Structures are given as C-alpha cells and as structure tokens.
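The chain contents come next:
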Amino acid sequence: MLIPLMLSACSFQQYQAKPIDAQANLAKLAEKDPNSPTFQAFLIAHGYKSDQLPVQAWGLEELSYCALFFHPSLDLAKAKSQAAALSVATTAGSAIPSLNANLARSNDPDPVKKPYALGLSIDLPLDIANKKEIRVDNAKHLAEIAQLQTAKTAWELRSKLAQTWLDYQAKLHQIRLLSKEQAAHQAIVAIYKKRVTLGAASNVELSTANLQLQANAAMLHQAQQQSATLYNELASQAGLPLTQFNKLTLKSDLGLQSNQDWPLAELQKNALLNRLDLRIALLRYASMESKLKLEIANQYPDLVISPGYAYEFGDSVWSLGLSGLLSLLHKNKLAIAEASQLREVEAAQFEVLQSQIMADTAVAHAKLSEARTALTKQKSLLNEQQLQEKRMASLLAAGQIDRLAYTLAKLETVLAEKNLATAQHQYNDAIRILENTLEQPLSSAGVKYES
C-alpha cells in the first residue's frame, strides 16, 4: 500500500522531443527586425524615450543595443547562466531516502514454519559536517561566474562592434579623401596633356602623372571593397540579417573624443574595480575555498540510517542499520592537500592577473598619449598646408604661378588630410585598446565625448 500511495502523491513530467529545425532557425534569423515592438520596448527599458523611436540614425550605441538583443552568442551565455542558477537549487535539495523491499518463499516442508518472508527498510542519508551547505556555496560561486561570463560576452560583443564601427567610419572617410585626391590627379593629368600637345612638357611627365592617377584609382577601389566587407561585418556583429541592416540609416561618426587626459592611477583603479575577469578570478578562488572546505568535511564519513521491518517465516524482526564509508584512517589527507594547493594556484593566478592589468593599463595609457600627440601634430601640419594653399590661390589669382602649381598645392593639402585621418584612426584605436583594458567606456570613466 505504501508504494502506490507514494507514487500517487507525485506527478511525473513526460519527455518531449525538441529537435533542432535548421529551416526554422533561418526563418527566425530573417525575422530579426530592429523596428519590432519587442526591440522598441528593450530600448525604452534602457533609457530611450518613446518619442525618440523608431531610431532615425543608427550609431555605435544603437547598434550595440541591437547586438545585446539579437546576437545569438549572448543567448548562449544566458542559457549557460540559467543552467548554473538551476544547479544551485538542485544542490540545495534534500537528500532523497531510498526504499528497499524483498520477498522470499521457502521450500522447507516443516508445517510449523511459514513459507514466506518479507523485508522492508528505508535508507535515510544524514548530512555530516555541513557538506550540503558547502556544496550549495560552491554552486552559488559557479552561478555567479556564469553571470559574469554573460556580462563578459556582452562586453566582447560591444568591443568587436566598436572596432568594426571605427574601421568602417575611417574607411568611408578615406574613400572621401581618395576621391578628392583622384580629382586632383585627374586635373594634373589634364594639364600635362595640354602641355604635351603644346610641347611644353614631356611624355615622361605625363606618364608619371598617369601612373599616380592609376595608383590612386586602385587604392580607391580597394578602399570601396574593404568598406563593403566592413559593412557586412557590422550587420553580423549587430546580430541582424543583411536585408534588415540595409534598411538602417547609419550615422557618420569618426568617434573622436576630447583631448582630456585621465590620470593613470585613476584608470588603473577603474580597471581593478571593473574588470570582469578579475571578479571571475575572485569567484574561482572562492570556489577553491569551498572545495577545500568540502575535502576537510569529507574526513567525516557520510552516514545512512536504515530502519527496517522483516517478516521471516513467521517471525517479526525490527532492525536499525547504520552504514558509512570508512575514511577515518587516512582522513582524506591527499584530497585535502590537493585542494589546498589548487587554492594556492588560484591565489597566484589572481596576483598575476592584477599585475597584468596594471601593466596593460599603463601601456594603453602611454599609447593613447602618444596617439594624442601625433594627432595634434598632424592637425598643425594640416593647418599650415591649408594656409599655404590659400597663399598659392592668391598667387594664382595674381598671375604669379600657373594652374599646375596651384593644383599640386591642393594635392598636398589632400595628402595632409590623409595623414590626419590616419592619426585620427590611430587615436581611436588607442582609445578602444584602453577601453578594452578597463572593460568600460572612457565616457563612463570620466572622459567626455565631443558633441
């Protein structure tokens, strides 16, 4: 009667197959729409106002929200985090007693003896030395690690997207400058053609100008192809199909920030407080602490109390059993030593990571300062060249120089603009490297973006 009652008190879940449908996944990918109501609600939850929606111009911030909402790698990280959280509840569950029963029949012809025997007992596990609490603590540490891994995945998505965004914007700027350079080279070739016709220039000079024009055309074509590749990468990193991404109007943003410097000590402090891998390392150390506690608790054997009743061929027998693994002789010394050493390893790894973060922050800060200096120098050189171009324009108007000299001056200005664009991109790269070292945008660390 006991077994049917126990079974009737429980409701069993049924297995349901859930095969992966590749075609359905493709359809789901195609349905990702940044103008969908669910994504609009996501933006509102993160600070957007309803009158700002739908988004008219998409920049790095808006595309970052797209990645956080649509990119499948974040869904994977969240699924792992949820599984780790469920393991805490599983570990916290009470130990399940086990029921033992047996039935026997004797062939003994003695009529005094009853021919049947029946045995029934229950095994009740006992928690010794708070082992269950230790396991729960360890499961909580692992769940927190999974949560931080989700945050780390989100940051990595933002970081990759930011790099591609800056590369794409820099490539568009390069295409504009190469187009200006192309126009200047075309003007120079036209001038040399007229001069060759008039006998005022040689074919060698014309050929040289043509070669420069062709080289610039090849660079322009290559830059256009690279921009198309970066555009596709942006769509992928934002978690959107290309058909949906093509509908977005992207901002034109070189990503430059102010020249405000940030003290190295403050940056290092921010890094040590915000780096996710450092917080994960602390939790791994805590997990090793729990493992050591568990091995020390394992010196005490797990006990199982087994009360039981047996009806043996006419006799009723009550019993109380006690069982456990015998570990008192060696007291789990090897496992304790191993867990203690693993804790020391985690402590050493934490110190190494701290030192590496401090060094990486210092290097990134130095590179940013160097890039800022180079950017300032290129701005100064461009200003000087622009003044020189204005002087050449005045000389041309006064008839003191010819059109070729003025066109060459314009070409030199374009080259100065290209050098400045290179310095700007290197400066943006230095900012990105420092942000990745901090795992935090510099705007959040006190460096304000230009309006």
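Residues numbered from 1 in each chain as written. Predicted model: local features only at pLDDT ≥ 70, side-chain atom pairs only at ≥ 80, totals over all residues. Heavy atoms only, no water.

1. Examining helix 4 (residues 60-70)
Extensive coverage of helix 4 is indicated by the burial of eight of its 11 residues. Within the sequence span of helix 4, burial applies to Leu60, Glu62, Leu63, Ser64, Tyr65, Cys66, Ala67 and Phe70. Looking at the buried residues of helix 4, the elements they touch are helix 3 (37-45), helix 5 (72-92), helix 6 (131-198), helix 7 (203-237) and helix 8 (242-245). (Buried < 20%, exposed > 50% of the residue type's maximum accessible area, 1.4 Å probe, protein only. Helix = DSSP H or I, 4+ residues; strand = E, 2+ residues; numbered from the N terminus. Contact = heavy atoms within 4.5 Å.)

2. A closer look at the side chain of threonine 164
Structurally, threonine 164 can be placed in helix 6. Other than its neighbours up to four places away in sequence, threonine 164 contacts Leu230, Glu233, Leu234 and Gln237.

3. Here's the deal with the environment of leucine 213
By the secondary structure assignment, leucine 213 is in helix 7. Distance in space between the C-alpha atoms of leucine 213 and alanine 359 is 46 Å, their sequence separation being 146 residues.

4. Things to note about the environment of proline 241
Along the chain, the position of proline 241 falls in the loop between helix 7 and helix 8. With 209 residues separating them in the primary sequence, proline 241 and lysine 32 have C-alpha atoms 7.1 Å apart.

5. Quick word on helix 11 (residues 333-397)
Its 65 residues give helix 11 an end-to-end C-alpha distance of 95 Å, which sits within 8% of 96 Å, the value for a rise of 1.5 Å per residue. Once helix 11 finishes, glycine 399 follows within two positions and takes phi at roughly 80°, a positive value. (Expected span 1.5 Å × (residues − 1).)

6. Re the side chain of aspartate 277
Examined against the element boundaries, aspartate 277 turns out to sit in helix 10 (residues 276-297). At 2.6 Å, the side chain of aspartate 277 forms a polar contact with the side chain of arginine 275. Sequence-distant contacts of aspartate 277, defined by excluding residues within four places in its chain, comprise Lys152, Leu353, Ile357 and Glu439. (Polar contact = N/O pair within 3.5 Å; in protein donor to acceptor, adjacent residues only side chain to side chain.)

7. What about the pattern of salt bridges?
Taken as a whole and judged by the stated rule, the model has 11 salt bridges. The shortest N-O distance in the salt bridge between lysine 152 and glutamate 439 comes to 2.8 Å. Taken together, the residues span a long stretch of sequence, with lysine 152 in helix 6 and glutamate 439 in the segment after helix 12 (403-438) at a distance of 287 residues. Of the charged contacts in the structure, one is a salt bridge between glutamate 181 and lysine 418, with a shortest N-O distance of 2.8 Å. In this pair, glutamate 181 sits in helix 6 while lysine 418 sits in helix 12, placing the two residues 237 residues apart along the sequence. Each member of the pair, glutamate 181 together with lysine 418, is buried. (Salt bridge = Lys/Arg side-chain N within 4 Å of Asp/Glu carboxyl O.)

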